[in-house]
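Next come the chains, spelled out residue by residue.
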Amino acid sequence: VQLQASGGGLVQAGGSLRLSCAASGRTFSSYDMGWFRQAPGKEREFVGTIRRSSTSTYYDDSVKGRFTISRDNAKNTVYLQMNSLKPEDTAVYYCAAAGRIRNYYSSRSNDYDYWGQGTLVTVSS
C-alpha cells in the first residue's frame, strides 16, 4: 500500500491543523493506521493509532485530549486533527499502516509495514 500524507504547514500556538493520509493499493480497511512524528534532532515518536474497524483509537499521553485520529475507509484516508497546538508539536508527521492483527494498540514503529513520506508541521510561539 502507498501512503501520501498532506496538510502540514505553519500555525500559531493554540491553533489547529488537520493532516490527511491517503492510501492506495491494497485494501485500506485491512490495516491499522498510525501517526508518528519526528522533531529536529529527536527520534521518531508515536502519536496515535486507529484500528482497522475505525472504532478504537489510542494516543500518546503528550497529545491525548488535543489530537483526534479518524478514518474514512470509503475514501481510503486517515486523518489527524490537531487542536491546541504547542511549539513542541513541531515535527515531521508520518502516517503508517500495520497489516498484522494484534491484540494491542500498535505504538512501535516496527509494528508498521508501510510509511508515508511525511508532512512538516511548524507551530510558532
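The structure presented is a predicted model; accordingly, all values stated were derived computationally and were not measured.

Asker: Before we go on, may I ask you to explain the nonpolar core in this structure?
Answerer: Most often, soluble globular proteins have nonpolar side chains that are buried together. Membership of the largest hydrophobic core comes to 29 residues, with the highest contact counts inside it found for M33, W35, L80, M82 and Y93. Sorting the residues of this core by element identifies β1 (2–6), β3 (17–24), β4 (32–38), β5 (45–50), β7 (67–72), β8 (77–82), β9 (91–98) and β11 (119–124) as the ones contributing at least two each. In contact with L80, other than residues within four places in its own chain, are L17, R18, L19, W35, V47, F67, T68, I69 and Y93.

Asker: Looking at this model, I keep getting lost on the side chain of T77. Mind explaining?
Answerer: One can find T77 in strand β8. Relative accessible area serves as the criterion here: at 9%, T77 is assigned to the buried category. Polar side-chain contacts of T77 include one of 2.8 Å to the backbone oxygen of K75. If we skip the residues at most four places from it in the chain, T77 touches S20, C21, A22, F28, R71 and D72.

Asker: I'm lost on the pairing of β7 in this one. Help?
Answerer: Each regular strand carries side chains that alternate between the two faces of the sheet. Every second residue of β7 is oriented toward a common face, the buried set being F67, I69 and R71 and the non-buried set T68, S70 and D72. Strand direction decides the pairing type here: β7 and β8, joined by 6 bridges, are antiparallel. Of the residues in β8, the one forming a bridge with R71 is V78. Hairpin connection of β7 to β8: 4 residues between the antiparallel strands, including N76 at a positive phi of 55°.

Asker: Just checking my understanding: could you explain the pattern of salt bridges for this structure?
Answerer: All chains considered together, the criterion is met by 8 salt bridges. Note that E45 is salt-bridged to R37, the shortest N-O span being 2.6 Å. The class for R37 is buried, based on a relative accessible area of 5%. Salt-bridge contacts for D111 lead to R108; the nearest nitrogen and oxygen are separated by 3.1 Å. Classification of D111 by relative accessible area gives buried; the value is 3%. Judged by relative accessible area, which is 49%, R108 ranks as partly exposed. Residues participating in the shared-partner salt-bridge network are R37, E45, R66 and D89.

Calculation notes
- Residues numbered from 1 in each chain as written.
- Predicted model: local features only at pLDDT ≥ 70, side-chain atom pairs only at ≥ 80, totals over all residues.
- Heavy atoms only, no water.
- Core = buried A, V, L, I, M, F, W, Y, C linked by side-chain atoms within 4.5 Å.
- Buried < 20%, exposed > 50% of the residue type's maximum accessible area, 1.4 Å probe, protein only.
- Helix = DSSP H or I, 4+ residues; strand = E, 2+ residues; numbered from the N terminus.
- Contact = heavy atoms within 4.5 Å.
- Polar contact = N/O pair within 3.5 Å; in protein donor to acceptor, adjacent residues only side chain to side chain.
- Pairing = 2+ DSSP bridges.
- Salt bridge = Lys/Arg side-chain N within 4 Å of Asp/Glu carboxyl O.

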